[in-house]
Amino acid sequence: MKDFHQLVQVCRGCKVYIQTHNFPDPDAIASAFGLQDLLKRFDINATLCYAGRIDKLNTAKMLGCFGIEMFAYEDLDMKPEDAIICVDSQKYNGNITDFIGNEIACIDHHPTYKQADYQYADLQITGACATLIARYYRDLGLVPDRNVATALLYGIRMDTLQFSRGVTQLDIDMFGFLFPYCDQKSLAGLERNNLQFQDLQAYSSAIDNISIYGGLGITGINFSCPDGLIATLSDFILSLEEVVIAVVYSFREDGIKFSVRSEISEVHAGDLVRAALSGLGEGGGHQEMAGGLVKKEQRYLLGKYPETVIRERFLEALEPVMA
């Protein structure tokens with residue numbers, strides 16, 4: 001367990017920003033919000049920021065429900081000497097933009113693929129990053145206010161798929177810690193009605209284009225989808241009885257975005273997407289869920305028939321396991 005007071009000392013005298021990955025999901029937002037509140041208790045003000053978009057209904061609902069302020073990078077007046085704490089992502093990852101400030105700290109629950117020189121790092125594999133933030137409150141003997149507790153609890157539930165994916169004992173423990181302080185009515189409201197009518201087009205495209213190869217379900221969406229929706233669709237494909245590994249990708253302006261799921265121990269989702277996109281793009285993540293991106297500048301490497309190349313790349317990466 002990292003001593004939170006060390007992070008406080010690192011932040012003293014700095015203008016502090018808390019940066020999430022580019023398309024923050026509920027876990028990233030909850031973690032940043034909880035950390036912001038915790039730092040404030042030690043007289044350190046921090047600004048929440050991201051690059052990209054708040055691109056899903058449930059994340060937009062979170063901001064309104066809890067009065068969370070997050071700022072896009074272009075709206076900031078960040079200086080090179082300003083301090084950045086990376087939350088729910090790590091410097092050099094493909095899903096986080098390198099801002100002009102100085103990444104002094106990182107709190108994340110994902111595997112580390114490229115080392116960074118932080119002054120403070122709390123990196124532990126858990127089901128949700130919000131779990132690590134909740135642990136600070138517990139270990140410091142502090143009670144999170146109702147909004148923070150509810151947001152953290154929601155982040156844990158969403159990133160563990162209601163405690164069915166990647167869950168650890170610490171996630172369970174932090175659920176028990178947070179539950180007495182949360183607003184159950186707000187929590188229920190966040191978990192209802194998170195699908196928009198326009199999302200149905202993406203579901204339709206995913207269903208129309210799916211192919212199944214010995215347990216691999218792979219499908220492409222030929223129009224732009226936000227990160228959160230692509231992740232939801234990969235969970236949807238994985239729910240098919242015939243599928244134990246799901247790959248969903250979307251053609252977007254910034255490139256081709258991937259979401260990968262695995263429910264078998266022989267296939268690590270993060271390793272799979274990294275292998276399949278080697279030389280084309282970036283990827284990584286957990287045993288059970290991962291993401292990747294082939295940037296628009298690299299799309300030409302896929303040639304005239306990118307769907308075929310993508311399918312063959314994943315099948316080749318899976319060949320030792322699926323043979």
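1. Some thoughts on the pairing of strand S10 (residues 255–262)
Next up, step 1: Where burial is concerned, most of S10 is hidden: eight out of the eight residues are buried.
Next up, step 2: Once strand S9 (residues 245–252) ends, the chain turns through two residues before running back antiparallel as S10.
Next up, step 3: When S10 meets strand S12 (residues 289–295), the two strands line up antiparallel, connected through seven bridges. Opposite Phe258, over in S12, you have Gly292 as the bridge partner.

2. Quick look at the side chain of His21
Next up, step 1: Structurally, the position occupied by His21 is in the loop between strand S1 (16–19) and helix H2 (26–40).
Next up, step 2: Polar side-chain contacts of His21 include one of 3.0 Å to the side chain of Asp88.
Next up, step 3: The contact partners of His21, leaving out residues within four places of it in the chain, are Ala28, Tyr50, Ala51, Val87, Asp88, Ser89, Asn95 and Ile96.

3. With respect to the environment of Ala116
Next up, step 1: Along the polypeptide, Ala116 turns up in the loop between strand S5 (102–108) and strand S6 (120–123).
Next up, step 2: When the C-alpha atoms of Ala116 and Gln90 are compared, they prove to be 8.1 Å apart, with 26 residues separating the residues in sequence.
Next up, step 3: Those residues in contact with Ala116 that lie beyond four places of it in its chain are Lys91 and Tyr92.

4. Structural notes on the packing of H2 against helix H3 (residues 57–66)
Next up, step 1: Here H2 crosses H3 at 25°, and the two axes come no closer than 9 Å. What the angle tells us is that H2 and H3 run roughly parallel. You can see that H2 and H3 cross each other, and the crossing is right-handed. When H2 is examined against H3, the residues Pro26, Ile29, Ala30 and Phe33 are found in contact with a partner set consisting of Asn58, Thr59, Met62, Leu63 and Phe66.

5. Here we look at the sheet that holds strand S8 (residues 216–221)
Hydrogen bonds between backbone atoms are what pair the strands of a sheet, whose relative direction is either parallel or antiparallel.
Next up, step 1: Spatial ordering of the open sheet is given by S7-S8-S9-S10-S12-S11, a layout of six strands whose pairing is mixed. Looking at strand neighbours, the two that pair on one side only are strand S7 (211–213) and strand S11 (282–285), the edges of this open sheet. Strand-to-strand, the axes of this sheet are offset by a mean angle of 15°, without reference to chain direction.
Next up, step 2: Pairing of S9 with S10, which is carried by eight bridges, proceeds in the antiparallel orientation. Within S10, the position partnered with Ser250 by the bridge is Lys257.

6. Describing a nonpolar patch on the surface
Next up, step 1: On the surface, a nonpolar cluster with roughly 360 Å² of combined accessible area is contributed by Leu195, Phe197 and Leu200.
Next up, step 2: If you trace the backbone, Leu195 turns up in the loop between helix H7 (184–191) and helix H8 (199–209).
Next up, step 3: The exposure class assigned to Leu195 is partly exposed, which follows from its relative accessible area of 47%.

7. Section: the pattern of salt bridges
Next up, step 1: One pass over the structure, following the stated rule, counts eleven salt bridges.
Next up, step 2: The closest approach of N and O atoms between Lys91 and Glu103, which form a salt bridge, is 3.3 Å. With Lys91 in the loop between strand S4 (83–87) and S5 and Glu103 in strand S5, the pair connects residues that are twelve residues apart, well separated along the chain.
Next up, step 3: Of the residues examined, Glu103 reaches a relative accessible area of 6% and is grouped as buried.
Next up, step 4: Among the salt bridges present, the one from Asp227 reaches Arg252, with a minimum N-O distance of 2.6 Å. With a gap of 25 residues between them, Asp227 in helix H9 (residues 227–238) and Arg252 in strand S9 connect regions that are remote in the sequence. When sorted by exposure, Asp227 lands in the same class as Arg252, which is buried.
Next up, step 5: Ionic contacts of the salt-bridge type, sharing partners, join the residues Asp227, Arg252, Asp254 and Lys257 into one network.

8. Quick word on the packing of aromatic side chains
Next up, step 1: Going through the model one piece at a time under the given rule, you end up with eleven aromatic pairs.
Next up, step 2: Note on Tyr203 and Phe236: the rings are 5.1 Å apart at their centroids and 65° apart in plane angle, and the pair reads as edge-to-face. Placement of the pair is Tyr203 in helix H8 and Phe236 in helix H9, with a sequence separation of 33 residues.
Next up, step 3: An aromatic cluster is present here, built from Tyr249, Phe251, Phe258 and Phe314 joined pairwise through their rings.
Next up, step 4: When the ring centre of Tyr92 is taken as origin, the NZ or CZ atom of Lys114, which lies over that ring, is 4.8 Å away.

The rules we used
- Residues numbered from 1 in each chain as written.
- Predicted model: local features only at pLDDT ≥ 70, side-chain atom pairs only at ≥ 80, totals over all residues.
- Heavy atoms only, no water.
- Buried < 20%, exposed > 50% of the residue type's maximum accessible area, 1.4 Å probe, protein only.
- Helix = DSSP H or I, 4+ residues; strand = E, 2+ residues; numbered from the N terminus.
- Pairing = 2+ DSSP bridges.
- Polar contact = N/O pair within 3.5 Å; in protein donor to acceptor, adjacent residues only side chain to side chain.
- Contact = heavy atoms within 4.5 Å.
- Axes fitted to C-alpha atoms, helices over the stretch in contact; angles between N-to-C directions.
- Parallel < 35°, antiparallel > 145°, perpendicular 65-115°, else oblique.
- Left-handed = near helix turned anticlockwise from the far one by under 90°.
- Patch = residues over 30% accessible without salt bridge, like charges linked within 9 Å, V, L, I, M, F, W, Y side chains within 5 Å.
- Areas by Shrake-Rupley, 256 points an atom, 1.4 Å probe, with all protein chains shown as cover.
- Salt bridge = Lys/Arg side-chain N within 4 Å of Asp/Glu carboxyl O.
- Phe/Tyr/Trp six-rings, centres within 6.5 Å; stacked < 30°, edge-to-face > 60°.
- Lys NZ or Arg CZ within 6 Å of the ring centre and 35° of its normal.

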